[in-house]
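A closer look at the structure
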Amino acid sequence: MNTIYNKLTTLDFSIVALYLIALLVIGYVASFRNKKKEETLFMAGNSLNWYNIGFNMWGTNVGPSSLLAFASIGYATGIVAGNFEWYAFLFLLLLAMVFAPRYIAAKVSTMPEYMGKRYGDSTQNILAWYALVKILVSWLSLGLFSGGILVRQILGIPMWQSATVLVLFAGIFTFAGGLKAIAKVNVFQMILLIIVSLTLSYLGLKKIGGFGALAANTPSHFWNLIKPANDGSYPWPAMLLGYPVAAVAFFCTDQSMVQSVLGAKNLQQGQLGVNFIGWLKVLALPLFILPGILCYILFPHLEKSDLAYMTMVTNLFPSGMNGLVICVLIAVLVGTIGSSLNALSTVFTNDIYVKKMNPEATVAQQIRMGRITVTVGCLFAVGMAVAIDNIKGQNLFNIFQAVLGFLAPSLSVVFLLSVFWKRTTQTAVNAILSWGSLFSLSVGVLYLWVFPADQYKAWPHFLLLSFYIFAVLFIAAVCISLLDKNPKTYLTPVNSLPATSKKVKWLFAALGVVIVTLYIIFNGH
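We now turn to the structure provided with this report. Because the structure is predicted, anything quoted here is derived from the model rather than measured. (Residues numbered from 1 in each chain as written. Predicted model: local features only at pLDDT ≥ 70, side-chain atom pairs only at ≥ 80, totals over all residues. Heavy atoms only, no water.)

Here we take up the nonpolar core. Ranked by size, the top nonpolar core spans 167 residues in total, and within it Trp58, Phe99, Tyr103 and Phe415 carry the most contacts. Broken down by element, this core gets its largest block of residues, 18 residues, from helix H16 (residues 321-357). Setting aside residues up to four positions removed in sequence, Phe99 forms contacts with Leu94, Cys252, Phe415, Leu416 and Val419. (Core = buried A, V, L, I, M, F, W, Y, C linked by side-chain atoms within 4.5 Å. Buried < 20%, exposed > 50% of the residue type's maximum accessible area, 1.4 Å probe, protein only. Helix = DSSP H or I, 4+ residues; strand = E, 2+ residues; numbered from the N terminus. Contact = heavy atoms within 4.5 Å.)

Spelled out as structure tokens, the structure:
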């Protein structure tokens with residue numbers, strides 16, 4: 001127990017201390033240097049460059065649970081998890097070319113505000129409360145819980161202590177500097193993540209004897225991205241149809257992900273930032289999946305595949321490097337939790353406080369309310385993380401993740417229709433966001449608890465089920481719109497969309513070629 005902690009030396013502790021000091025310095029400088037008088041915490045004064053945006057989105061995306069999950073899937077089934085990173089290209093392209101120009105032209109700071117401009121206050125209110133609950137549960141509470149499990153494994157301290165320390169550290173940046181501080185810090189942190197993860201893969205490859213030994217000691221199906229339709233874990237129809245439902249909701253409509261683009265200097269910087277995260281996702285194989293596959297060769301008899309990443313760390317890294325691993329875990333936690341706290345404060349302050357409570361709020365009042373929201377969010381997240389841990393531990397975390405997956409269809413339907421079909425009405429959007437979400441979540445409860453899928457084999461694959469719900473809600477939205485006798489569609493005239501530069505188009509074309517090439521190489525036999 002606590003094998004990493006027992007291996008920590010004075011050098012490791014010194015590295016962690018230096019890292020924490022460096023983070024605080026970077027955050028302080030980002031927060032207070034060249035600060036504009038009318039700048040709030042939320043949009044970084046629209047000052048973010050492409051690399052800030054790309055690293056910040058990636059930092060938000062790569063949470064501690066995904067860091068371990070990719071290695072776990074690599075250990076158990078090979079590179080199939082690459083689909084979650086490389087297939088995302090299509091939805092990053094959708095964000096950059098379709099959604100981002102509309103968000104920036106509308107001059108909004110939140111997703112509820114955008115939909116409010118399209119369909120009115122009722123839609124904004126529904127989506128604002130929906131977004132707050134989603135951020136609090138899926139991003140903050142579950143992100144903090146999974147991070148707390150890691151810290152507890154490393155240091156052997158109780159959940160409430162590890163969760164409190166983590167959320168306080170992430171909260172410092174959000175409280176003091178908002179999006180700008182988080183984005184600047186994430187550049188530094190994600191570079192560290194790349195260095196440490198590549199080092200882990202390099203040491204593993206060196207220990208087994210190189211790429212030749214890697215190929216010789218793994219089953220051929222480990223290198224297949226596309227699995228047969230009868231595959232128990234990741235059949236290709238489920239990936240093809242089901243993954244896009246979650247991906248549209250995650251990459252194109254989620255406040256925590258999209259906010260970095262809204263804080264861009266201009267559309268081109270936002271689009272280049274989205275392109276950059278696409279290139280970073282190409283690195284998923286050597287950074288996150290390969291350590292799991294190497295662990296399969298080096299330590300083939302693990303009790304659980306979830307232990308793959310930490311097993312590699314404790315057995316391969318020398319003194320000093322263990323301290324860096326702790327720094328990386330802090331990095332992915334601060335990246336995810338910090339961005340989530342900022343998204344929470346942005347939605348509550350802009351869509352509820354300013355919109356409903358104090359329309360004349362000054363910048364100082366908005367900042368104060370944002371900080372109050374961050375503080376309350378921190379307390380709530382710690383309480384939820386401890387509560388989840390006291391009930392069932394990690395099993396409940398997995399159940400929660402699945403339940404939240406059932407919330408994606410309604411978001412995907414309303415945002416896709418609002419952009420691609422001008423006839424979509426306010427009534428349809430509100431119905432799908434409220435009643436549609438209730439239907440989707442009810443199916444999730446049946447799937448997970450009432451008639452659990454592991455006992456009732458008639459259920460389709462989870463991803464296919466998500467697609468079927470999406471299809472039902474999509475058809476329902478179209479029917480409601482067509483039958484609406486007093487249709488309300490565009491309540492605010494849409495500004496002319498800014499043009500996309502040739503540079504952006506060429507870079508996405510190049511990224512597309514790389515992704516297609518990867519699928520050809522790893523299509524298997």
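What follows concerns the packing of helix H14 (residues 284-298) against helix H15 (residues 308-316). Direction vectors running N to C along H14 and H15 enclose 70°, while the axes themselves pass 9 Å from each other. Taken together, the axes of H14 and H15 are roughly perpendicular relative to one another. In the crossing of H14 with H15, the sense of the turn from one axis to the other is left-handed. Contact residues: Pro291, Gly292, Leu294, Cys295 and Leu298 in H14; Ala308, Thr311, Met312 and Leu316 in H15. Here the contact of H14 with H15 is composed, by residue class, of 7 nonpolar, 2 polar and no charged. (Axes fitted to C-alpha atoms, helices over the stretch in contact; angles between N-to-C directions. Parallel < 35°, antiparallel > 145°, perpendicular 65-115°, else oblique. Left-handed = near helix turned anticlockwise from the far one by under 90°. Nonpolar A, V, L, I, M, F, W, Y, C, P; charged D, E, K, R; others polar.)

Relative to the helices and strands, Ile330 resides in helix H16. Along the backbone, Ile330 and Leu20 are 310 residues apart, and their C-alpha atoms lie at a distance of 9.1 Å.

Here helix H11 (residues 236-253) crosses helix H19 (residues 408-420) at 65°, and the two axes come no closer than 8 Å. With respect to each other, H11 and H19 are oriented roughly perpendicular. The hand of the H11/H19 crossing is left-handed. Of H19, the residues touching H11 (which contributes Val245, Ala246, Val248, Ala249 and Thr253) are Ala408, Pro409, Leu411, Ser412, Phe415 and Leu416.

This paragraph deals with helix H20 (residues 426-450). With 25 residues, H20 extends 34 Å between its outermost C-alpha atoms, agreeing within 8% with the 36 Å of an ideal straight helix rising 1.5 Å per residue. In H20, a bend of some 35° at Ile432 exceeds every other bend along the element. (Expected span 1.5 Å × (residues − 1). Bend = angle between axes of the 7 residues up to and from the residue.)

Here the structure, examined in full by the defined rule, presents 25 aromatic pairs. Relative to Phe288, the ring of Phe70 has its centre 6.2 Å away and its plane inclined at 10°; by these criteria the two rings are stacked. Residue Phe70 is found in helix H4 (residues 64-77), and its partner Phe288 is found in helix H14; the two are separated by 218 residues along the sequence. Grouping residues by exposure puts Phe70 and Phe288 together as buried. Ring plane angle 80° and centroid distance 5.9 Å describe the contact between Phe84 and Tyr234, whose orientation is recorded as edge-to-face. You can see Phe84 sitting in helix H5 (residues 82-86) and its partner Tyr234 sitting in the loop between helix H10 (211-216) and H11, a full 150 residues away along the chain. (Phe/Tyr/Trp six-rings, centres within 6.5 Å; stacked < 30°, edge-to-face > 60°.)

With that settled, consider the pattern of salt bridges. Within this structure, the stated rule accounts for 3 salt bridges. With a closest N to O distance of 3.1 Å, Asp121 and Lys355 form a salt bridge. One end of the pair, Asp121, is in helix H8 (residues 121-155); the other, Lys355, is in helix H16, with 234 residues separating them in the sequence. Taking the relative accessible area as the measure of exposure, Lys355 reaches 35% and is therefore partly exposed. Where Lys134 meets Asp254, a salt bridge forms, and the shortest distance between an N and an O atom there is 2.8 Å. Taken together, the residues Lys134 in helix H8 and Asp254 in the loop between H11 and helix H12 (255-262) connect sequence positions 120 residues apart. Classification of Lys134 by relative accessible area gives buried; the value is 16%. (Salt bridge = Lys/Arg side-chain N within 4 Å of Asp/Glu carboxyl O.)

Right, let's get into the environment of Ile73. On the secondary structure map, Ile73 appears in helix H4. Between the alpha carbons of Ile73 and Ser305 there is a distance of 7.4 Å; along the sequence they are 232 residues apart. Contacts of Ile73, omitting those with residues within four sequence positions, involve Gly78, Val80, Ala81 and Tyr234.

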